[in-house]
Amino acid sequence: MTHRLRTASIGLLAAVGLALLPVASASAHDYIISTDPAKDATVTTPLQTVSLTFNDRVLDYGGNNLVTVTGPDAATRHFETGCTTVADTVVSVPVALGGAGKYTVSYQVVSADGHTVSDQYAFTYQPPAGTAAAEGTEKTACGASTAAPGGESTTGPTTQATQPAGAQPTETAGSPKPTAAASTTDVGLVIGIAIGIVVLALIAVVIVILTARRKPKPKSDSEPKSD
């Protein structure tokens, strides 16, 4: 009985672990693990690129990902010199900064789970005296939507990128994006399935215990034998 109970317990723990594993991954969006320049850093040499590295790959369908660099000390001038590019987990944009001051990096990317992730951070630029300062522009270099925190965007003229054959439908600035409610629904479904698996595992343990109790004990040699 003890051996069977131990085996059933191990099976129950394994079932619970497997059931809860999808719950942890269902709501996991991509997040930044490093940036160049770093958040709140002071840069003293001219920059050519701003890059962000995420914990998981970034989906790249039809130019949905955008990184902007604005400043100094105001979000009225853009200093990107080209379009945002994606290389697996790294998103980058070429830049030519203006005068000294604080610059803001804003990003909006599509994480591996299909949801839009956006935020911003700042760094300070203090170039050597005599360093040429770029004038910047009023709009992004690609004329794309301006990244904004919270998954929202300020729409400007957009360009339609060619989508590879067999790829998922391209999301444009006006296309509906996954919402928090949809994400909650998905997690709720996974939790329901996990609960069902746990219940079945508990039933199996009860059956094993009842079966072990009903099994007759073997007679020992010391017991008298009947004629």
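Residues numbered from 1 in each chain as written. Predicted model: local features only at pLDDT ≥ 70, side-chain atom pairs only at ≥ 80, totals over all residues. Heavy atoms only, no water.

*Asks:* Could you give an account of the overall build of the protein chain, with specific residues and numbers?
*Replies:* When helices and strands are tallied, the protein chain shows two helices and 10 strands. Counting from the amino terminus, the protein chain carries its helices and strands in the arrangement α-β-β-β-β-β-β-β-β-β-β-α. Taken across its 227 residues, the protein chain has 30% of its residues classed as buried. Sequence-distant contacts in the protein chain: of pairs separated by 6 or more residues, those separated by 24 or more amount to 66%. (Helix = DSSP H or I, 4+ residues; strand = E, 2+ residues; numbered from the N terminus. Buried < 20%, exposed > 50% of the residue type's maximum accessible area, 1.4 Å probe, protein only. Contact = heavy atoms within 4.5 Å.)

*Asks:* Explain the sheet that holds strand β8 (residues 116-125) to me, and be specific about the residues and the numbers.
*Replies:* Read across the sheet, four strands follow the order β2-β8-β7-β4 without closing on themselves; strand pairing throughout is mixed. Since the sheet does not close on itself, it has two edges, and those belong to β2 (42-43) and β4 (66-70), each with one partner. Sheet topology places β2 next to β8; two bridges connect them, and they run parallel. If you follow Thr 42 over to β8, its bridge partner there is Thr 124. (Pairing = 2+ DSSP bridges.)

*Asks:* Got a sec to walk through the packing of aromatic side chains? Specific residues and values, please.
*Replies:* Throughout the structure, instances matching the rule amount to four aromatic pairs. Between Phe 79 and Tyr 103, the ring centres sit 5.4 Å apart and the planes meet at 75°, which makes this aromatic pair edge-to-face. One end of the pair, Phe 79, is in the loop between β4 and β5 (85-87); the other, Tyr 103, is in strand β7 (residues 101-110), with 24 residues separating them in the sequence. In this pair, the class of Phe 79 matches that of Tyr 103, namely buried. Judged by centre distance (6.0 Å) and plane angle (75°), the ring pair of Tyr 103 and Tyr 125 falls under edge-to-face. A residue pair is termed long-range when its members are at least 10 positions apart, and Tyr 103 in strand β7 and Tyr 125 in strand β8 qualify at 22 residues. Residue classification places Tyr 103 among the buried positions, given a relative accessible area of 0%. (Phe/Tyr/Trp six-rings, centres within 6.5 Å; stacked < 30°, edge-to-face > 60°.)

*Asks:* Give me the lowdown on the nonpolar core, citing residues and values where you can.
*Replies:* By size, the foremost hydrophobic cluster in this structure holds 21 residues, and its most contacted members are Val 50, Leu 52, Val 69, Leu 97, Val 105 and Phe 123. At the level of elements, β3 (49-54), β4, β6 (90-94), β7 and β8 are the ones that each hand at least two residues to this core. Excluding anything up to four places from it in sequence, Val 50 contacts Asp 36, Pro 37, Val 69, Val 91, Ser 92, Val 93, Val 95, Val 105 and Tyr 121. (Core = buried A, V, L, I, M, F, W, Y, C linked by side-chain atoms within 4.5 Å.)

*Asks:* Which residues make up the pairing of β8, and what values go with them?
*Replies:* Two faces make up the sheet, and in a regular strand the side chains alternate between them. Along β8, seven of the 10 residues are buried, which leaves the element largely enclosed by surrounding structure. When β7 meets β8, the two strands line up antiparallel, connected through 10 bridges. Residue pairing for β8: Ser 106 is matched across the bridge by Gln 120. Hairpin geometry of β7 and β8 is characterised by an intervening segment of five residues between the two adjacent antiparallel strands and by a positive phi of about 90° at Gly 114.

*Asks:* Quick one: what's the story with the environment of Asn 55, residue by residue and with numbers?
*Replies:* Within the fold, Asn 55 resides in the loop between β3 and β4. Linking Asn 55 and Val 90, residues 35 residues apart in sequence, is a C-alpha distance of 9.2 Å. In this structure Asn 55 touches His 29, Asp 30, Tyr 31 and Ile 33, once residues within four positions along its chain are discounted. Here the side chain of Asn 55 touches Tyr 31 through a polar contact of 2.7 Å, landing on its backbone nitrogen. (Polar contact = N/O pair within 3.5 Å; in protein donor to acceptor, adjacent residues only side chain to side chain.)

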